[in-house]
Amino acid sequence: MAKPTSPQRRLMENFRKVRSEEAPVGSGDEEGGPGSGPFADLAPGAVHMRVKEGSKIRNLLAFATASMAQPATRAIVFSGCGRATTKTVTCAEILKRRLAGLHQVTRLRYQSVRELWQSLPPEPTPGQKPGEPAASLSVLKNVPSLAILLSKDALDPRQPGYQPPNPHPGPSSQPTAPTSKRSLGEPAAGESSAKRSQPEPGAAEEEQTA
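Quick caveat: nothing in here was measured; it's all calculated off a predicted structure.

Considering the overall build of the chain
No. 1: Looking only at helices and strands, one finds 5 helices and 6 strands in the chain.
No. 2: Seen in sequence order, the chain has helices and strands lined up from the N terminus as α-β-β-α-β-α-β-β-β-α-α.
No. 3: Per-residue burial for the chain yields a buried fraction of 25% across its 210 residues.
No. 4: A sequence separation of at least 24 residues applies to 80% of the contacts in the chain between residues at least 6 apart.
No. 5: Total accessible area computed for the chain in this model is approximately 15,300 Å², and 55% of it derives from carbon and sulfur atoms.

Considerations on the side chain of Thr88
No. 1: Within the secondary structure layout, Thr88 lies in helix α3 (residues 85-98).
No. 2: Sequence-distant contacts of Thr88, defined by excluding residues within four places in its chain, comprise Val51, Phe78, Ser79, Gly80, Leu146 and Ile148.

Quick word on the pattern of salt bridges
No. 1: On inspection of all chains with the given rule, the structure shows 5 salt bridges.
No. 2: The closest approach of N and O atoms between Glu115 and Lys141, which form a salt bridge, is 3.6 Å. On the criterion of sequence distance, the pair formed by Glu115 in strand β4 (residues 103-119) and Lys141 in strand β5 (residues 136-151) is long-range, its members being 26 residues apart.
No. 3: For Asp156, the salt bridge goes to Arg158, with nearest N and O atoms at 3.2 Å.
No. 4: On the accessibility criterion, Asp156 (34% relative accessible area) is partly exposed.

With respect to the environment of Ser79
No. 1: One can find Ser79 in strand β3 (residues 75-81).
No. 2: Filtering out sequence-adjacent residues up to four positions away, Ser79 remains in contact with His48, Met49, Arg50, Val51, Thr88, Leu146 and Ala147.
No. 3: For Ser79, the side chain forms a polar contact with the side chain of His48, separated by 2.9 Å.

A word on α3
No. 1: An ideal rise of 1.5 Å per residue puts 20 Å on 14 residues; α3 measures up with 20 Å between its terminal C-alpha atoms.
No. 2: For α3, the full list of buried residues reads Thr85, Thr88, Cys91, Ala92, Leu95 and Lys96. One side of α3 carries all its buried residues, which in axial view fall inside an arc of 130 degrees. Every exposed residue of α3 that faces more than 90 degrees away from the buried side is listed here: Thr86 and Arg97.
No. 3: Packing partners of the buried residues in α3 comprise α2 (57-68), β3, β4, β5 and β6 (162-163).

Looking at the pairing of strand β2 (residues 47-50)
No. 1: In this structure, β2 lies alongside β3, joined through 4 bridges in parallel fashion. Bridging from a neighbouring strand, Arg50 pairs with Ser79 of β3.
No. 2: In this view, the connection linking β2 to its parallel neighbour β3 by way of α2 has right-handed handedness.

Structural notes on the nonpolar core
No. 1: Within the largest apolar cluster, 17 residues are counted, with the highest numbers of intra-cluster contacts made by Met49, Ile76, Phe78, Leu95 and Leu150.
No. 2: Contact partners of Phe78, with chain neighbours within four places excluded, come to Met49, Val51, Ala64, Thr88, Cys91, Ala92, Leu95, Leu146, Ala147, Ile148 and Leu150.
No. 3: The next biggest cluster of nonpolar side chains, apart from the first, holds 9 residues, and it includes Ala46, Ala75, Val77 and Ala147.

Parameters and conventions
Residues numbered from 1 in each chain as written. Predicted model: local features only at pLDDT ≥ 70, side-chain atom pairs only at ≥ 80, totals over all residues. Heavy atoms only, no water. Helix = DSSP H or I, 4+ residues; strand = E, 2+ residues; numbered from the N terminus. Buried < 20%, exposed > 50% of the residue type's maximum accessible area, 1.4 Å probe, protein only. Contact = heavy atoms within 4.5 Å. Areas by Shrake-Rupley, 256 points an atom, 1.4 Å probe, with all protein chains shown as cover. Salt bridge = Lys/Arg side-chain N within 4 Å of Asp/Glu carboxyl O. Polar contact = N/O pair within 3.5 Å; in protein donor to acceptor, adjacent residues only side chain to side chain. Expected span 1.5 Å × (residues − 1). Arc of directions from axis to C-beta. Pairing = 2+ DSSP bridges. Right-handed = clockwise from strand over helix to strand, strands pointing away. Core = buried A, V, L, I, M, F, W, Y, C linked by side-chain atoms within 4.5 Å.

That's the geometry; what it means functionally is another story.
In structure tokens, the structure reads:
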């Protein structure tokens, strides 16, 4: 037996989402650039990477790595909301492995997202004339938002969400000494041939008595 659907769900089945945009709540300066958002005291040269749901991690990291390679760039912020939070964490963790000594501060809050929906056109019937334009619907949602600050300079360790630099950013690349394939108890080839050439003491005594 099919479960009954709510009137709102049945109504949204006749609409399609056209676009979604961030609608900041609180400070109202989310679009103000690198110094806005939860890290308002950033240096002017900080880089702000806005991670979207359809963003490519490879493209984000290429730009972030090149930016942090510049001596003038001291900090970078990765921010994303909704389904983009997973990519935000992935970008920050990969960059920390590439660049050692980065201080991290993580801030979690809620972000308002405004979605614009448009009604689907009805199925055409023979002889039907074009009707009125499609109706639009605006929906405001509160979704989790994540912002991660990575800084070359030391940060206040007492602030919430602080993480010190990782002492081991990546796997060790030191070469290891080659090890022999034979086991420790197995004799070498020269040793085994020398032992076979020496007669056993018991065999020599038997030859003398004979």
